[in-house]
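Reading the structure
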Amino acid sequence: MNFEMITPRTTGELLQALANNQGSRVRIGAGYTDLILELKGLKCEETPLVINLADLTDPKFTHIEKTDAGIRLGALVTAGKVIIDASIQTELPVLCKAASELGSRQLRHRATLGGNLCTASPAGDIAAALVALEARCEILSADGTLRTLALTDFLVGVRKTALRQDEVLQSVFIPTRKSINKHLLSDFLKVGTRRSMEIAVVSLAYQFELDAEEIIRHAGIAIGSVAPTVKFVSAAGEFLVGKKFSSIGAVAADKFAAMVCAEATPISDIRASAWYRREVLYNISRGIFDK
Amino acid sequence: MKRDLKIIGKPTRKLDAEARVSGEAVYGHDIVLPNMLHGAILRTKHPTAEILSIDTSKAKALPGVVCVLTADDVDVNNISYKGDHPILKKGEVNCIRDEIAAVAATSREIAAKALALIEVEYKVREGIFDPFAALKKEAPQLNRFASKEQGKNIADSFHYEHGDLQEQKEKSTCVVSQRYTLPRVTHCCMGTSAVTADYSRSTKRLTLYSLSQVPFLFQRDLAKALRMEPSNIRIIQPVIGGGFGSKLDMHPFEPICALLSMQTCRPVQIVFSREEEFIASPTRQPMVIDLTTGADADGKFTFREVKITKDNGAYTSWGATTPFVMMQTFSSLYQIPACRFDSYAVYTNNVFAGSFRGYGNPQATFALERNIDLMAMELGMDKMQIRLLNANFAGEETGQKLHFRSCGHKDALQIVSDKANYKNRQKSNGTGRFRRGIGLASMLHVGGGAKIYPSDGCGTIAKFDDYGYLTIISGASEIGQGSETVLAMIAAEELGVSIEKVRIINSDTDIKPWDVGVHASRTSFIAGNSLLGALSILKIQLSAKAVALLGTDLDDLIFEDDQIRSGRTGKAVKIGKVVRDIHFKQPHELCTASYYYEPDSEYQDGAFKGNVSSAYAFAAQAIEVEVDTYTGNVRVVDVHVAQDVGKILNPLGLAGQIEGGVVMGLGYALTEELIASEGHVRNPNFHNYKLPTASDIPEIHFHPIETSDQEGPYGAKGVSEAPLIPTAAAVANAVSDALGVEIFSLPVTPEKILQALKEKSV
Ligand SMILES: Cc1cc2nc3c(=O)[nH]c(=O)nc-3n(C[C@H](O)[C@H](O)[C@H](O)COP(=O)(O)OP(=O)(O)OC[C@H]3O[C@@H](n4cnc5c(N)ncnc54)[C@H](O)[C@@H]3O)c2cc1C
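Being a predicted model, the structure only gives us computed values, none of them experimental. (Residues numbered from 1 in each chain as written. Chains lettered and ligands numbered in written order. Predicted model: local features only at pLDDT ≥ 70, side-chain atom pairs only at ≥ 80, totals over all residues.)

On a plain count of helices and strands, chain A comes out with 13 helices and 14 strands. For the C-alpha atoms alone, the extent of chain A along its principal axes is close to 60 × 45 × 30 Å. Put simply, chain A has 291 residues, and 43% of those count as buried. Within chain A, counting contacts between residues at least 6 apart in sequence, those at least 24 apart form 64% of the total. (Helix = DSSP H or I, 4+ residues; strand = E, 2+ residues; numbered from the N terminus. Buried ≥ 20, exposed ≤ 12 C-beta atoms within 10 Å, placed from the backbone. Contact = placed C-beta atoms within 7 Å.)

What follows is the structure, encoded as structure tokens:
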């Protein structure tokens, strides 16, 4: 495996690198936990060129920033950093849990949030949590302009994003919901055969906002590994809104699970059959309401 | 006679621990020789095809390429246990591992590039990937070198029987027949396969830095393949990063590397990538076991009838002889009046199997111990009770003529059942998301070598130097199992030398005496006894001199703290001083001893009867699981292992073997499978080949049983294969206990569990 590398240190140098280097041989590198495998498998005539983001110091790329408007996470924030961030622990617990389930400690130390999104794997753990949180992508282009795009529009297919050749993902933004959060209920359910170093066979990320009466005011739900991309399941979420969490019984739970599954279009592969994925998605969706 | 032991039985760190963890150890991959070239192998793109042409001209023209070989360039013999495996394939390929060409170049990168430049024209043929399809009349002959004695696609078969089957069938009130399906799994050695060959133009000798577990058999096999004198081949074993049976056979890459070196007269090294390791190294035998077992109304076992169909793959390895071990389990684990055993290794176009820790026994034990649970349920008997009722006992001679001079079978069952609180366990009520269950299984395995070769012996040469340091030249190899440390402990125990003053030389066939190799959990037993023989000779020599030096008599001597002391006077002399006197004073002798130990086991007769091992190991496991009925995931909560180890030699090494074995067994039970379809390996990486991780491993509680075998060193037996053998059976039995559903194939995947639950509920 052979490749060349440019390492910009400032955003200015990055934009220049993007402007000067385009074409099929160019790759962007952050934590390299996916990219190394991609480069190994590459069979191209030209030597790949990697624009290495690892040394960027611009806080927009590297920091977690909390304002009244919301929380902004730089693309280079690692899973390890997400887990220990206090505002994420309290306000975005689903993200915290998802990041803690990624790979292993060694992986989490390197794996970036931007890499997880830009890899666009249907099994991305961080991606699933961020889809449930309705995150927006902040995309920087070589000419310095910034555009934003809903994450669900950013993830367009298996290993396909809406990024153009001269663009990088700078950060994601999760706006604060106007309603007063009284109480959050969330989890990231990852199903696989091993308890670490495992890619989800099925995943379910959810974060519910409940008011003082335990009425669900908002429900963000995403499913992973059951469709070409991580999917936001809006209908099932809306079904829950207005219901009191503790009074959701078996019938409503079954209906909810069926609505979640309606959004799934799983395939069979060596890791599991479509039948299994559906079955499990149904079981764990319904299981949210187990007493 | 009870002896106070000072070293044996005390936790002792592995001699090579520091070198291994610090990176100092020189593995096969670390070897660099002057002028060394890098070899690489071109494997087929298609599992089955005719090779119409091979064009190596572009590869040969690439700067840095020194040699390109195809079958046309070499004049060699086939390899493998049945001689059915060409080293380089000519005219056709029969499985996805097949070696078509090999390259030697000045760098690994150039070698890889050269492979890509070799043009092969294939005409794809239809393959047969299912052994039952290969057994059909209309199936073509899959291996053109096969002997065909037993049928055109049967590579090897075994038949065994004892007792009156008909009579026992008539006695049976309960008969259970079941088919069991076992997967293809692989060793996953941390160190991938590697070899360095160094041929000398002037001496015509070949030195191979090889990871073989059986260097002397390897030397013989390689010589036969290359048409050389075995003595002109020197095998040097570097530090080995895991064997587990994978290095029992010689594989084509090894003679290929030798050929590249002989062609170029330069050293050549071949190192596998992890992907290549998954695709091109051996596997455990996948097989289908059709088992029928019977018991009378009291639960006493009456008979067993078993037919095994093994997927041999395209060529035949030592692994084809695993029935040899499997028949022991069927004929002799628990008391059994009648047994009939048939097995067939059937050629297919799949990757071929080899040998793997347990050697067929995990498969046999899975089927057998699952069937016992089924019989207990049918009889309405307690699963523990039925096992205790039929357990083996000391003094038993089985139908196969295995002689259990010591036997911890019953104890092992009783201990795990008590420790796991089997009797009073909470019975699953069949509701709720998470359900718990406990499964039991036991096993029998050779524990004192296995006489499958004219000799199961091992030679030792021991020599003292003038400073009291002891060098042990042992025929037996260390492949990570810790036997070196045990040998040093034995020397320290017997002669009072400190462990730091013991050196072990065991990695060079030009130096070391003969040994059959590392397999059958035999090394500490056989090499230990061999060393004891050599040490007793040395001790006599040292004693004679010490008696003179100390002015005392023989039975007054105490060997301790690198000294020989008179118990009466307390006067002591350093061993080094004694050795100097032996060397430098009249009559000027060498302080050296050599000894060959041959165990008292027997070569079995044509009907496979005879006491094949000097001792037998018994073990039982009780495993508790918790099944998530939403996902089908099995969490192993607790593992209790009770094993008859004869005598604990090194508790640390023993714990390593037990824990490592159980982990291997859990992978076999729950997650591991080398997935093949149409002859291709679909998961040649750790991403999709699900080796358990540290976070999947439960508490492993080990309860050793010391039965003090009369033949073993200090009473010890072989221990190393046993801990993985009953694990899968115990896990599947636990799942059955938890859910009331029966799984008859491995691995017990979440998907199989959900499917079984679904079928049960409709
Ligand atoms: C052993 C192992 C286990 C794993 N386990 C998990 C797991 O449990 N869950 C999981 O979700 N993933 C897992 N992964 C995948 C991987 O670790 C994650 O997807 C990780 O988040 C990728 O981040 P990275 O920084 O390493 O990305 P990189 O490898 O550096 O990049 C990944 C891709 O994103 C692109 N990219 C990266 N950053 C940017 C950017 N800012 N702008 C534009 N493009 C960019 C790269 O060009 C590349 O195509 C695992 C990987 C391995 C090797």
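Anyway, onward from the coordinates.
Residues and elements named next belong to chain B. In the segment running from Gln 586 into Pro 587, the intervening peptide bond is cis, with an omega of 0 degrees. One can find Pro 587 in the loop between α15 (575-584) and β23 (592-597). In this structure, Pro 747 follows Leu 746 across a cis peptide bond, with omega equal to -10 degrees. Relative to the helices and strands, Pro 747 is located in the loop between α17 (727-739) and α18 (750-761). The backbone of Tyr 714 sits at a positive phi, close to 60 degrees, despite the residue not being glycine. By secondary structure assignment, the location of Tyr 714 is in the loop between β28 (699-705) and α17. Owing to 21 C-beta atoms within 10 Å, Tyr 714 belongs among the buried residues under this scheme.

Here we come to the sheet that holds strand β7 (residues 154-162) of chain B. Hydrogen bonding along the main chain pairs the strands of a sheet, whether they run parallel or antiparallel. All names here are of chain B. Strand order across the open sheet formed by 5 strands is β7-β15-β14-β13-β8, with mixed pairing between neighbours. A single partner strand is all that each edge strand has here, and the edge strands are β7 and β8 (174-182). Averaged over all pairs of adjacent strands, the angle between strand axes in this sheet comes to 5 degrees, irrespective of strand direction. In this sheet, strand β15 (residues 338-347) lies alongside strand β14 (residues 301-313) in parallel orientation, the contact comprising 10 bridges. Each residue of the ladder has a partner; that of Val 306, found in β15, is Phe 341. (Pairing = 2+ DSSP bridges. Axes fitted to C-alpha atoms, helices over the stretch in contact; angles between N-to-C directions.)

This paragraph deals with the domain arrangement of chain B. All names here are of chain B. The domains assigned to chain B are domain 1 (17-24 + 457-597), domain 2 (31-126 + 192-240 + 247-280), domain 3 (127-186 + 283-392) and domain 4 (411-446 + 611-762). The gap between the C-alpha centroids of domain 3 and domain 4 is 20 Å. Opposite the 34 residues of domain 3 that make contact, domain 4 presents 34 residues. Of all the elements in the fold, those that place two or more residues in the side of domain 3 that touches domain 4 are β8, α9 (323-332), α10 (361-379) and α11 (383-390). Broken down by element, the residue count for the side of domain 3 that touches domain 4 peaks at 7 residues, all from α10. (Domains from an automatic or database assignment.)

Another aspect to go through is the pairing of strand β1 (residues 37-43) of chain B. All names here are of chain B. Of all 7 residues in β1, 6 are buried, a share of seventy percent or more. Of the strand pairs in this sheet, β1 and strand β12 (residues 268-271) are connected by 2 bridges, and their pairing is parallel. Residue pairing for β12: Leu 37 is matched across the bridge by Val 268. Where β1 meets strand β5 (residues 99-105), 6 bridges bridge the pair, whose relative direction is antiparallel. Within β5, the position partnered with Ile 41 by the bridge is Ala 102.

The next point concerns the environment of B:Ala607. Residues and elements named next belong to chain B. Relative to the elements of secondary structure, Ala 607 occurs in the loop between β23 and β24 (616-628). Residue Ala 607 is classed as exposed on the basis of its 12 C-beta neighbours within 10 Å. Taking the C-alpha atoms as reference points, Ala 607 and His 162, 445 residues apart in sequence, are found 9.4 Å from one another.

Residue and element names in this part refer to chain A. The full set close to the ligand counts 31 residues, and Gly 31, Gly 103, Gly 115, Asn 116 and Cys 118 are the nearest of them. Secondary-structure elements contributing two or more residues to the shell around the ligand are β2 (26-29), α7 (105-110), α8 (113-119), α9 (125-132) and β10 (167-175). For the shell around the ligand, the element with the most residues is α8, which contributes 5 residues. For the shell around the ligand, the residue count by class is 16 nonpolar, 10 polar and 5 charged. (Near = placed C-beta within 6 Å. Nonpolar A, V, L, I, M, F, W, Y, C, P; charged D, E, K, R; others polar.)

Our focus in this paragraph is the domain arrangement of chain A. Residue and element names in this part refer to chain A. With domains assigned, chain A is organised as domain 1 (4-52), domain 2 (59-175) and domain 3 (183-287). Each of domain 1 and domain 2 was reduced to a C-alpha centroid, and the two centroids are 19 Å apart. Across the boundary between the two partners, domain 1 contributes 11 residues, which contact 15 residues of domain 2. Per-element tally for the side of domain 1 that touches domain 2: the top contributor is helix α1 (residues 11-20), with 4 residues. Taken together, the residues of the side of domain 1 that touches domain 2 sort by class into 7 nonpolar, 3 polar and 1 charged.

Take the interface of chain A and chain B next. Opposite the 17 residues of chain A that make contact, chain B presents 16 residues. Of the residues forming the side of chain A that touches chain B, the biggest block, 6 residues, is contributed by helix α13 (residues 274-287) of chain A. Class assignment of the residues belonging to the side of chain A that touches chain B gives a composition of 7 nonpolar, 5 polar and 5 charged.

When the terminal C-alpha atoms of α17(B) are compared, their 18 Å separation across 13 residues agrees well with the 18 Å that a helix rising 1.5 Å per residue should span. A positive backbone phi angle near 70 degrees is found at B:Gly740, which sits one or two residues after α17(B). (Expected span 1.5 Å × (residues − 1).)

Residue and element names in this part refer to chain A. Among the residues making up α1, those that are buried are Leu 14, Ala 17 and Leu 18. Down the axis of α1, the sector holding all buried residues measures 100 degrees, keeping them to one side. In α1, the exposed positions angled more than 90 degrees off the buried face are occupied by Gly 12 and Asn 20. On its buried face, α1 sits against β1 (4-6), β3 (49-52) and β10. (Arc of directions from axis to C-beta.)

To continue, consider the sheet that holds strand β4 (residues 92-93) of chain B. Residue and element names in this part refer to chain B. The strand order β4-β2-β6 describes an open sheet built from 3 strands, whose pairing is antiparallel. Each edge of the open sheet is held by one strand with a lone partner, namely β4 and β6 (119-124). Note: strand β2 (residues 49-55) against β4, 2 bridges, orientation antiparallel. Following the sheet pairing, Ala 49 is matched in β4 by Val 93.

Residues and elements named next belong to chain B. The contact between α10 and α17 brings their axes to 8 Å, and the two run at 30 degrees. On the basis of the axis angle, α10 is roughly parallel to α17. For the pair α10 and α17, the crossing hand works out as right-handed. Taking contact as the criterion, the partners of Pro 362, Thr 365, Phe 366, Glu 369, Arg 370 and Asp 373 in α10 are, on α17, Ala 728, Ala 729, Ala 732, Asn 733 and Ser 736. (Parallel < 35°, antiparallel > 145°, perpendicular 65-115°, else oblique. Left-handed = near helix turned anticlockwise from the far one by under 90°.)

The next thing to look at is the packing of helix α14 (residues 523-550) of chain B against α15(B). Residues and elements named next belong to chain B. One can describe the packing of α14 onto α15 by two numbers: an axis separation of 10 Å at closest approach and a directional angle of 95 degrees. When the axis of α14 is compared with that of α15, the two are roughly perpendicular. On the side of α14, the interface is formed by Gln 541, Leu 542, Lys 545, Ala 546 and Leu 549, while α15 contributes Ile 575, Val 578, Asp 581 and Ile 582. In terms of residue class, the contact of α14 with α15 is made up of 6 nonpolar, 1 polar and 2 charged.

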